[in-house]
Amino acid sequence: MIDLLWLIIALPLASAIGLHFFGRFLKEPLAGWVASAAIVGSFSIALAAAIPFIQGGEHGETVLLWEWMPAIGANLEILWDPLSALMVLIVTGVGTLIHIFAIGYMHGDERFHRFFTNLSLFAASMLILVLGGNYAMLFLGWELVGLCSYLLIGFWFTRPSAAAAAKKAFVVNRIGDFGFMVGLMLVFVTFGTLSYTGVFDRAGDELTTGLATAIGLLFLVGAAGKSAQIPLYVWLPDAMEGPTPVSALIHAATMVTAGVYLIARSAVIFEMSTAAQVTVATIGAATALVAATIALAQRDIKKVLAYSTVSQLGYMFLAVGTTAYVAGIFHLMTHAFFKALLFLGAGSVIHAMSDEQDMHKMGGLRKKMPVTALTMGIATLAIAGIPPLAGFWSKDEILGSAFGRGGWFSVLWIVGLITALLTAFYMTRQWVMVFLGEPRWDEGQKPHESPRVMTIPLVILAVLSIVGGLINTPFAFGLEHFLEPSFELVDIAHPPDGWGAFILLAGLSVMAGLAGAAAAYLTYRQSPESWQGFEDGFEPLWGTWESAYNVDDVYGRVIVAPGKKAAEVAAFDVDLPVIDGAVNGVAKLVRNIGEWTRPLQTGFVRNYGALFLAGTVTIVIWIVVGAG
Amino acid sequence: MRDEISLAVRIRSDISHIWRYEPRVAEVLTALILIPVVAAIVVALVPRSRKELHLPLGIALSVIPLALAGYLFWVFEPQVDMQFTEFAMLYEPWGITWNVGMDGISMPMVILTTILVPIALAASTSITKRTKEFVVYTLLLEAGMIGVFVSLDLFVFFVFFEAILIPMYFIIGVWGSERRVYAAMKFFIYTAFGSALMLAGIIALAAMHLDQFGAPAFNLADLLALDISAGAERWLFAAFALAFAIKVPLFPLHTWLPDAHVEAPTAGSILLAGVLLKLGTYGLLRFNLLLFPQASVDAVWIMGILAVVGIIYGAVVAIVQPDLKKLVAYSSVSHLGFIVLGTFALTSGGLQGAVIQNFNHGLTTGALFLLVGMIYERRHTKKIEDFGGLQKVMPIYAGFFLFMIFASIGLPGLNGFVGEFLVLIGSFSTLPVLAIIAASGVILAAIYLLWAYERVFTGVPDKEENKVLSDLSVREISLLAPLAALVLLLGLYPNILLDKIAPSTEAVLDYVEATTDYQVPEPGRLADVFVASGEDE
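Starting afresh in each chain, residues are numbered from 1 along the sequence in its written order. Whichever chain is written first becomes A and whichever ligand is written first becomes 1, with later ones labelled in order. Confidence filtering applies because this is a predicted model: local features only for residues at pLDDT of at least 70, side-chain atom pairs given and counted only at 80 or more, and all residues used for totals across whole chains, interfaces and linings.

(A) Examining the overall build of chain A more closely. Only DSSP runs of H or I with at least four residues qualify as helices, and only runs of E with at least two residues qualify as strands; both kinds are numbered from the N terminus onward. Assigned secondary structure in chain A consists of 25 helices and four strands. For the radius of gyration, the atom set is restricted to C-alpha positions; the globular benchmark scales as 2.2 Å times the number of residues to the power 0.38. For a compact globule of 628 residues, the expected C-alpha radius of gyration is about 25 Å, and chain A comes in at 28 Å, within 12% of that figure. Taking the principal axes of its C-alpha atoms as reference, chain A extends roughly 100 × 65 × 55 Å. Here, residues touch in the contact sense if the C-beta positions derived from the backbone fall within 7 Å of one another. A separation threshold of at least 6 residues defines the contact pool for chain A, and within that pool the share at least 24 residues apart is 81%.

Written out as structure tokens, the structure is:
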């Protein structure tokens, strides 16, 4: 199977290339099925190749494809270990469902085949990211998924807002990449290579605490960009300009989790720096809380999910910062199930409501769209942390691990607990606003359930959202055993031992979830006037949340506007008048000297030039010979 | 003390044989220089009345050097020695020799030249006035550019170096836009001023050779044997560096470049950015590092700072340029900064990155100028504000543009990344602070290019002139496609070049190490130093 691993990347890549050149000759759904078949192929190969890990005892291996930049030990090579296998299975598994959903969702788009070209390219890029056997290849995938994200956010490029959002996403990610790149340079000068094995095997000998902290924090900058953490999360809400399957695949289930993967993959480095761990966990917890508060007050169905994603990614950062790597990856997986489901469900609703995204204009959709309502309801309970659904197990393991580590992490645990309450509230609010109550639709809306090609992926994801958490419970740590070989060099943090502690901690988080859900249900089940009154009661806080703390505005005023001003000053007040002015000034001076020596004037500027050159030559020879 | 010096000289002569003549293949490089000259003569012989023949004939003939260069690339061995060398005494009393050869540093530049000339010519179908002269000048320019890169005799090098100015002066001055005469004159005088200093330096070197060995010499290998005092070495370094810095151009000597680009016709811009600027970076690497190793080591910080200022400054100024061509011109200032930084980083990664970036920047920036030229032919404007929504009417054009933008931004998988990343990683071990600042250039590149793309291509086309634009023709696609293919090839498999570059850059490094007290830092060892000095806890 190892020999076929390259196909995992090659299949979607071939699909992308094929569709790029020949996609326009395919009738509409065919391009979508080609892309879907490719990713199904990748999934099948990955599943077959992962069997040894499931059986246990295998540590994984590296397969060289070809030399890329050997001067820095960066080759195109695949690392196949439990961690990369799991990531591949998530990407291709959830990816398959989203591809199929998109065939229905993108129906009628004039650039249908182009959409699937980009989707296939994204799949290939993401697989490069998680399969790469060295940091350079991770970075290759990292940037390529950024490219695909740019292309797909701006897919409807005639909308200025979509084009601006695409650019914003790429530029903000580049700020993170800057940190990541400096981190890579530091890794290279330290180890002389960028390959995982080369770095991890020698980390204990070569790394000082200071160096590990520096690398860890620089990686965190990169991860914060890609995974939308404070202070670089601002691009993700705007990224909702892309088609909804894109939001589900790239901006919820896969690409945005790359930062979590980066930190988990670099566990050996973070192991050596408590400072880096604490920073990661704190950023994660803070992001989780801040984004949750913003999500409370959003009216746009996708914006709620966008901030929710930021918040849930915060949980994952909290986990990996706590060194609860398995819990972090576990939550990454369950989140991929229920958040992809939520986005696709939202897509189904938007599809049904003729592109309406304002939840104030929805309501009562449960009867019209029973499958969407039911599956989204399941996802809502899952993300709210209601047992025994998937989100409960993974979130609880994160919170328990933070609690177990104690000290500052106990504070982060409380933050996580509050966030759990808020999460349950805003998700229930969304579900109730959309599916219950009286219709508040605009004139002419005729909502309908989506076609099978869209609802079947919803149902499968709903099943996964129910049972997906069972692979790692205190009753059976399946995932932990599966991932163990990937983390054998580090100590993984765990929740406190014992059933008493488990029941106490789980009880607290379940209570938080139930309280949030109940409060939202009771509030939003009532008339719109009533819940408007409830929201107004929180002013001015509610308005601040609704406007996302005005962070975009602040960034605009503090960074973008002064930056543009500085560029204008450099270009128009320095470059032209000062630097170029000096050049032209010298030229003028030479001409004036020519004026004084009128007898020598011949009327050709070139002759002055020649005279000038001759003089210079003489002077320089004189200096050099004199000095020599 | 005396012993140490003589030891150094002995080591020099041990290593410097690399750049010395050893006959191997027939006079293939001389042929490579002469073919464009002959082609120019052939085109010149076609009567003016058959003006429709000049350009096609020129394009067809310019494919011959490309084919020959391709063959040379094929047989080029990844080894330290100069290849395809030729040697003949031209003028014994002055010690001027015809000594040409190719190594991993010059080979990519020769290939690039022969690739870009046919493309530049084929992109010039809109030139209708005095087509014959245009084709002749372009072919002569090609001969000069090849000559510069293969010359190992400084006198001959200088002659080519200067000779290039003349055709380029006319290409800008005759076929340029409104302010062409101003731009051409500025380009000519500015760069000629720099050359004058270098000429003085070259003469001084020959005089020293006369002084120390009883005969003047201009041959690089002979000049490497010179014993130059520290003071003179510094002055000579400065004279050469200034000439090359103007060509690069290095901040703050760059202001001739935007003017020249904006006024130059498309072919002029492609060759100017693609090849002529590289004369500067090539010269720094070939001549400054070898002839003045100690001064180079001493000047690492000055050159590095200027390079990094150029990277940031060029990018910042590019952000607000209202003219597409000016934007690309300033992006060159920024990108060439990486090459200079890599050169003076004096590490394997830095030098390899510098050389491959020389090549890569020629491809992507050449392509970007080609693209700007294509839209200029349609709309007769290069102002960003005149466009908008072009992706809707010209999707293929938009696709190529975006592809080249991402190559220029340094997206891994495309060519621009390889050079930049090697430079950054390579310079981080010797100039960490500068490398970090330079790395922030990747943010700025994304800003100025993607913002420009947004304004030109996205949204709904709102101006009537833009709604009726035709997408690329088959001819135009056939010009861009090979460049795009190379961009991808070099992004994914840079080893095709790096393999052949590495021995030569390693030889330069070895030489610098052998002749100075400079040591290329080993990975790991340097990190200790870096952390020990930065960690006061």
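Having put the structure on the table, let's press on.
(B) Just the overall build of chain B, in detail. In terms of helices and strands, chain B carries 25 helices and two strands. Projected onto its principal axes, the C-alpha coordinates of chain B cover approximately 80 × 70 × 40 Å. Exposure classes come from backbone-placed C-beta atoms, where a residue is buried if 20 or more other C-beta atoms lie within 10 Å of its own, exposed if 12 or fewer do, and partly exposed in between. The proportion of buried residues among the 537 residues of chain B is 64%. Sequence-distant contacts, at least 24 apart, represent 80% of the contacts inside chain B between residues at least 6 apart.

(C) Summary view of helix α15 (residues 324–345) of chain B. One fewer than the residue count of a helix, multiplied by 1.5 Å, yields its expected span. Relative to the 32 Å expected for 22 residues at 1.5 Å per residue, α15 of chain B spans 32 Å between its end C-alpha atoms, a close match to the ideal helical length. For α15 of chain B, the buried fraction is high: 22 of the 22 residues fall into the buried class.

(D) Inspection of the environment of glutamine 357 of chain A at higher detail. Residue and element names in this part refer to chain A. You can see glutamine 357 is positioned in the loop between α15 (325–352) and α16 (370–384). For glutamine 357, a count of 18 C-beta atoms within 10 Å corresponds to the partly exposed category. Considering only alpha carbons, one finds glutamine 357 and glycine 347, ten residues apart in sequence, at a separation of 9.3 Å. Once residues within four sequence positions are removed from consideration, glutamine 357 is found in contact with Asp300, Ile301, Lys302 and Ile350.

(E) Just unusual backbone geometry, in detail. Of the consecutive residues isoleucine 230 of chain A and proline 231 of chain A, the connecting peptide bond is found in the cis state with omega at 0 degrees. Considering the arrangement of structural elements, one finds proline 231 of chain A in the loop between α8 (209–226) and α9 (235–238). The omega angle of the peptide bond from valine 248 of chain B to proline 249 of chain B is -10 degrees, so this bond is cis rather than trans. Counting through the fold element by element, proline 249 of chain B comes out in the loop between α10 (230–247) and α11 (256–263).

(F) Structural view of the environment of methionine 208 of chain B. Residue and element names in this part refer to chain B. Checked against the element boundaries, methionine 208 lands in helix α8 (residues 180–213). Judged by local crowding, methionine 208 falls into the buried class, with 22 C-beta atoms found within 10 Å. Between the C-alpha atom of methionine 208 and that of aspartate 227, which follows or precedes it by 19 residues, the distance is 8.5 Å.

(G) Examining the nonpolar core more closely. Counting 456 residues, the largest nonpolar core has Leu127, Met185 and Ala340 of chain A as the members making the most contacts within it. Contact partners of alanine 340 of chain A, with chain neighbours within four places excluded, come to Val94, Ile98, Ala248, Ala252, Ala253 and Leu461 of chain A. Joined through C-beta atoms within 7 Å, a set of buried Ala, Val, Leu, Ile, Met, Phe, Trp, Tyr and Cys residues constitutes a nonpolar core.

(H) Focus on the interface of chain B and chain A. Each side of the interface is counted separately: chain B has 69 residues, and chain A has 59 residues. Sorting elements by how many residues they give to the side of chain B that touches chain A places α8 of chain B first, with 13 residues. Broken down by class, the residue content of the side of chain B that touches chain A amounts to 49 nonpolar, 17 polar and three charged. Amino acids are sorted into nonpolar (Ala, Val, Leu, Ile, Met, Phe, Trp, Tyr, Cys and Pro), charged (Asp, Glu, Lys and Arg) and polar (every other residue, Gly among them).

(I) The confidence of the model for chain B, seen in detail. All names here are of chain B. For every residue, the predictor assigns a confidence score, pLDDT, that lies between 0 and 100. Put simply, chain B has an average pLDDT of 87, and 92% of its residues get 70 or more. When mean pLDDT is compared element by element in chain B, helix α4 (residues 107–122) scores highest at 95, while helix α25 (residues 525–534) scores lowest at 41. Within the model, pLDDT remains below 50 along residues 524–537, and this stretch shows 16 contacts once partners closer than five positions in the same chain are excluded. Both scores are available for the predicted complex, with the pTM at 0.90 and the ipTM at 0.88.

(J) Structural view of the packing of helix α17 (residues 390–405) of chain A against helix α21 (residues 499–524) of chain A. All names here are of chain A. At a closest axis distance of 10 Å, the pairing of α17 and α21 adopts a crossing angle of 120 degrees. When the interaxial angle is binned, α17 and α21 end up oblique. For the pair α17 and α21, the sense of crossing is right-handed. Counting all contacts with α17, which are made through Lys395, Asp396, Leu399, Gly400 and Phe403, the residues of α21 involved are Leu505, Ala506 and Ser509. For the contact of α17 with α21, the per-class residue count stands at four nonpolar, two polar and two charged. Only the stretch in contact is used when fitting a helix axis, every axis being a line fitted to C-alpha atoms; angles between N-to-C directions are given from 0 to 180 degrees. Comment on the angle field: the value is read as roughly parallel under 35 degrees, roughly antiparallel over 145, roughly perpendicular from 65 to 115, and oblique elsewhere. Helix crossings get a hand from a simple test, with the near helix turned counterclockwise from the far one by less than a right angle marking a left-handed crossing and a clockwise turn marking a right-handed one.

(K) Representation of the pairing of strand β2 (residues 96–102) of chain B. All names here are of chain B. Where burial is concerned, most of β2 is hidden: six out of the seven residues are buried. Any two strands between which DSSP finds at least two bridges are classified as paired. Where strand β1 (residues 83–91) and β2 come together, six bridges link them in antiparallel fashion. Each bridged residue has a counterpart across the sheet, and for glutamine 83 the counterpart in β2 is methionine 102.

(L) Just the packing of helix α18 (residues 395–409) of chain B against helix α21 (residues 441–457) of chain B, in detail. Residue and element names in this part refer to chain B. One way to put it is that α18 packs onto α21 with a least axis distance of 9 Å and a crossing angle of 170 degrees. As far as their axial angle goes, α21 and α18 are roughly antiparallel. Taken together, the residues of α21 that come into contact with α18 (itself represented by Ala398, Phe401, Leu402, Ile405, Ser408 and Ile409) are Ala445, Ala446, Leu449, Tyr453 and Phe457. Taken together, the residues of the contact of α18 with α21 sort by class into ten nonpolar, one polar and no charged.

(M) Broad picture of α8 of chain B. Residues and elements named next belong to chain B. Its 34 residues give α8 an end-to-end C-alpha distance of 48 Å, which sits within 8% of 50 Å, the value for a rise of 1.5 Å per residue. Burial runs high along α8: 26 of the 34 residues are buried. Immediately beyond the C-terminal end of α8, within one or two residues, lies glycine 214, with a positive phi of roughly 85 degrees.

(N) Seen up close, the environment of glycine 391 of chain A. Residues and elements named next belong to chain A. With respect to the helices and strands, the residue glycine 391 is situated in helix α17. C-beta crowding within 10 Å serves as the criterion here: with 32 such atoms nearby, glycine 391 is assigned to the buried category. Expressed as a C-alpha distance, the spacing of glycine 391 and threonine 334, which sit 57 residues apart in the sequence, is 6.1 Å. Setting aside residues no more than four positions away along its own chain, glycine 391 makes contact with Thr334, Phe338, Ala382, Ile383, Ala384, Gly385 and Gly469.

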